[in-house]
Amino acid sequence: MIVCKFGGTSVASAEQIQKVANIVKSNPARKIVAVSAPGKRSGDDIKVTDLLINLAMAALKNEEIEEELQIVVNRFMAIADGLELDHTICDVIAEDLHERVQGDKSNEEMFIDSIKAAGEDNNAKLIAAYFNSIGMPARYVSPKDGLVVNDLPERTYALPEAYANLAPLRSTKEIIVFPGFFGYTKAGILRTFDRGGSDITGSILAAAVEAELYENFTDVDCVFSANPKVVNDPVEIKEITYREMRELSYAGFSVFHDEALMPVYKIGVPVNIKNTNNPSAPGTRIVPRRSVTGRPVTGISADSGFSTLYVSKYLMNREVGFGRKLLQILEDENISYEHTPSGLDDISVIMRSNQITLENEERILSRVKNELNADDVQMRHGFSMIVIVGEGMRNNTGLAARAATAISKTGANIEMINQGSSEVSLVFGVLQEYENQILQALYEEFFAHARV
Ligand code: ASP
């Protein structure tokens, strides 16, 4: 059995949904189909999810919402017309939206979630109706029937019982159309995953039914070895391991939601990223293991917007509990961190700058200075992290030297180096303004010259 997921652009219009039907029909193993809400039809279009967020915000402010609601209904109506479905489905959708906006507003986050999820939920109903109308027996299944998630305020994730609940879908006769992006708590409260979270739903379904393959249909032919917006015509990645994909989860690799790796990883279901507009292209396969031949480096990614908390204290290495106390201060501020390179007497904690405000920065600096008696404490902003990833990097002598030389030629200073303990990744912290230049230089070094 194959579980496939179709992203926003793949289900944005009647024409796109027809392509989806053809893809599903062409392989009888494609029995479970997770769908996104209709996404952008062109560059300047608005995703239905964003329209729904606008609608939820207007409802919370007690503004007139009829116009905003109608814009959403019209998007579904255009799709239904294009698919020659009768308008009953649009009436069902309009009624559903009215019901949602009249829902309980006492918890704003929960209210917004319930409206945000209407894009996926109604699209799944519409697509199931369309499949049936063209003679493909299909059934809409709601996440209410088993996709149990945790409670607020944590990030949303599926509870272990969700997998057992959804496992019986494996024996389905019809095609199941399942809305992506949300689940329900044990108390029946709807909660959405992160933006782009329909990938996560597809992955949960694939793991639950122990699918042979999870196909993730999007609008690009494959994952590239570097961000094509920065590097000209980068090499396509045909096969990559879960671990490599995870390490590359910075900019340029967002085709597949990084949280979506976990469910399939646990069971070992391979993922195939494919293009709805070019389904015969082989795409990129994400697999548990692969044989390493050729290049040691699989991909290079980069992201800006990092800050560094630098702390030094003489004899830090002998002070039991120093690291815990430092990280506790960040935990108290609800800050997560990405890397912690350290020396004998100093440590840097690297985190996303969007978690730092003027107030919490001041509090952190003074607590570290006073509670940990640090000799020097500094918070610096404006860094980028550049990550080189490859299973073949392990046991490859001289790779770090090649990378450092390539970076030095751009004139940038390397502010931080961190080699993941698994030796499949090497991270460089640099000043943000050098990011693109470095990405290009590293790509030249490890890919363009085909020197392996
Ligand atoms: N519709 C949601 C979003 O725009 C989820 C998804 O498409 O995966 O983020």
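One can find the structure itself at the top, above this paragraph.
Treat the numbers as computed from the prediction; the structure is a model and nothing was measured. (Residues numbered from 1 in each chain as written. Predicted model: local features only at pLDDT ≥ 70, side-chain atom pairs only at ≥ 80, totals over all residues. Heavy atoms only, no water.)

**Some details on the overall build of the protein chain**
Part 1: When you go through the protein chain residue by residue, the secondary structure sums to 14 helices and 17 strands.
Part 2: For 452 residues, the compact-globule estimate of 2.2 N^0.38 gives 22 Å, and the protein chain sits close to it at 24 Å.
Part 3: Along the three orthogonal principal directions, the C-alpha set of the protein chain runs to about 75 × 55 × 40 Å.
Part 4: Taking all 452 residues of the protein chain together, the buried fraction comes to 52%. (Helix = DSSP H or I, 4+ residues; strand = E, 2+ residues; numbered from the N terminus. Rg over C-alpha atoms; globule rule 2.2 N^0.38 Å. Buried < 20%, exposed > 50% of the residue type's maximum accessible area, 1.4 Å probe, protein only.)

**Some details on empty space enclosed by the protein**
Part 1: Scanning the model with the defined rule gives one cavity of 30 Å³ or more in all.
Part 2: Approximately 30 Å³ is the volume found for the largest cavity.
Part 3: The residue inventory of the lining of the largest cavity, partitioned by class, reads five nonpolar, one polar and one charged. (1 Å grid on protein atoms, 1.4 Å probe; cavity = no way out; pocket = protein on both sides within 12 Å on 5 of 7 lines; lining within 4 Å. Points joined across faces, edges and corners; volume = space filled by probe spheres on them. Nonpolar A, V, L, I, M, F, W, Y, C, P; charged D, E, K, R; others polar.)

**Overview of helix α3 (residues 66-82)**
Part 1: For α3, which comprises 17 residues, the first-to-last C-alpha distance of 24 Å matches the rise-based estimate of 24 Å (1.5 Å per residue) to within 8%.
Part 2: All buried positions along α3 are accounted for by Leu69, Val72, Val73, Arg75, Phe76, Ile79 and Ala80. For α3, the buried positions fall inside an angular range of 145 degrees around the axis, keeping them on one side.
Part 3: Taken together, the buried residues of α3 touch α1 (14-25), α2 (48-60), α4 (88-101) and α6 (118-133).
Part 4: Residue glutamate 84 follows α3 closely and has a positive phi angle near 55 degrees. (Expected span 1.5 Å × (residues − 1). Arc of directions from axis to C-beta. Contact = heavy atoms within 4.5 Å.)

**Looking at the site of the ligand**
Part 1: By nearness alone, every residue bordering the ligand is listed as Ser36, Lys47, Thr49, Glu120, Phe181, Arg195, Gly196, Gly197 and Ser198.
Part 2: Glycine 196 has a polar backbone atom sitting 2.7 Å from an oxygen atom of the ligand.
Part 3: Tallied by class, residues from the shell around the ligand come to one nonpolar, five polar and three charged. (Near = heavy atom within 4 Å. Polar contact = N/O pair within 3.5 Å; in protein donor to acceptor, adjacent residues only side chain to side chain.)

**Details of the packing of aromatic side chains**
Part 1: Using the criterion set out here, one finds six aromatic pairs in the structure.
Part 2: Here phenylalanine 6 and phenylalanine 217 contribute two aromatic rings whose centre-to-centre distance is 4.7 Å and whose plane-to-plane angle is 10 degrees, an arrangement assigned as stacked. Within this pair, whereas phenylalanine 6 is found in strand β1 (residues 2-6), its partner phenylalanine 217 is found in strand β7 (residues 213-218), the two being separated by 211 residues in sequence. The residues phenylalanine 6 and phenylalanine 217 share a single accessibility class, namely buried.
Part 3: Measuring from centroid to centroid gives 5.5 Å for tyrosine 242 and tyrosine 265, while their planes differ by 85 degrees, and the two rings are edge-to-face. One end of the pair, tyrosine 242, is in helix α9 (residues 242-247); the other, tyrosine 265, is in helix α10 (residues 261-267), with 23 residues separating them in the sequence.
Part 4: Overall, the relative accessible area of 4% leaves tyrosine 242 in the buried class. (Phe/Tyr/Trp six-rings, centres within 6.5 Å; stacked < 30°, edge-to-face > 60°.)

**Thoughts on the sheet that holds strand β13 (residues 299-312)**
Part 1: The sheet built from five strands is open, its strands ordered β14-β13-β15-β17-β16 with antiparallel pairing. The strands lining the two open edges of the sheet, one partner per strand, are β14 (346-352) and β16 (416-419). Ignoring which end each strand starts from, the neighbouring axes of this sheet average 35 degrees apart.
Part 2: Relative to strand β15 (residues 376-389), β13 runs antiparallel, the two being bridged by 12 bridges. If you follow serine 301 over to β15, its bridge partner there is valine 387.
Part 3: Seen against the sheet, helix α14 (residues 435-448) touches β13, β15 and β17 (425-431) and runs at an angle of roughly 125 degrees to β13. (Pairing = 2+ DSSP bridges. Axes fitted to C-alpha atoms, helices over the stretch in contact; angles between N-to-C directions.)

**A look at the pairing of β13**
Part 1: With 11 of 14 residues buried, β13 lies mostly within the body of the structure.
Part 2: Across seven bridges, the pairing between β13 and β14 is antiparallel. Across the sheet, residue leucine 309 finds its bridge partner in β14, namely valine 349.

**A word on the sheet that holds β7**
Part 1: Ordered by their spatial adjacency, eight strands build an open sheet running β3-β4-β2-β1-β7-β11-β12-β10, and the pairing between neighbours is mixed. Two strands close off the open sheet at either side, each with one partner strand: β3 (138-140) and β10 (239-241). Looking at each pair of strands side by side, their axes are set apart by 20 degrees on average, direction ignored.
Part 2: Here four bridges tie strand β2 (residues 30-35) to strand β4 (residues 175-179), and the two strands are oriented parallel to one another. Bridging across to β4, alanine 34 finds its partner in phenylalanine 178.
Part 3: Against the sheet, α6 makes contact with β2, β3 and β4, and its axis sits at roughly 160 degrees relative to β4, the strand it touches most.

**Observations concerning helix α8 (residues 198-208)**
Part 1: With 11 of 11 residues buried, α8 is to be regarded as a mostly interior element.
Part 2: At the C-terminal side of α8, glutamate 210 shows a positive phi close to 50 degrees.

**Some remarks on the environment of leucine 166**
Part 1: Within the secondary structure, leucine 166 sits in helix α7 (residues 160-166).
Part 2: Distance from leucine 166 to serine 366, taken between C-alpha atoms, is 50 Å for residues 200 residues apart in sequence.

**Thoughts on the pairing of β1**
Part 1: With five of five residues buried, β1 is to be regarded as a mostly interior element.
Part 2: Side chains of β1 alternate between two faces, with Ile2, Cys4 and Phe6 and Val3 and Lys5 buried alike.
Part 3: Bridge analysis of β1 against β7 gives five bridges, and the strand direction is parallel. Bridging from a neighbouring strand, valine 3 pairs with tyrosine 214 of β7.
Part 4: Taken together, the five bridges between β1 and β2 define a ladder with parallel strand orientation. Bridging from a neighbouring strand, isoleucine 2 pairs with arginine 30 of β2.
Part 5: In this fold, the crossover linking β1 to β2 by way of α1 has right-handed handedness. (Right-handed = clockwise from strand over helix to strand, strands pointing away.)

**Side note on the pattern of salt bridges**
For side chains bearing opposite charge, pairing can occur when the charged atoms are close.
Part 1: Under the counting rule described, the total for this entry stands at 25 salt bridges.
Part 2: A salt bridge links arginine 402 to glutamate 445, with the nearest nitrogen and oxygen atoms 2.7 Å apart. Of the two residues, arginine 402 is situated in helix α13 (residues 399-408) and glutamate 445 in helix α14; the sequence distance between them amounts to 43 residues. Judged on exposure class, the residue arginine 402 and its partner glutamate 445 are both buried.
Part 3: Each of the salt bridges in this network shares a partner with another, and the network as a whole consists of Arg41, Asp45 and Arg75. (Salt bridge = Lys/Arg side-chain N within 4 Å of Asp/Glu carboxyl O.)

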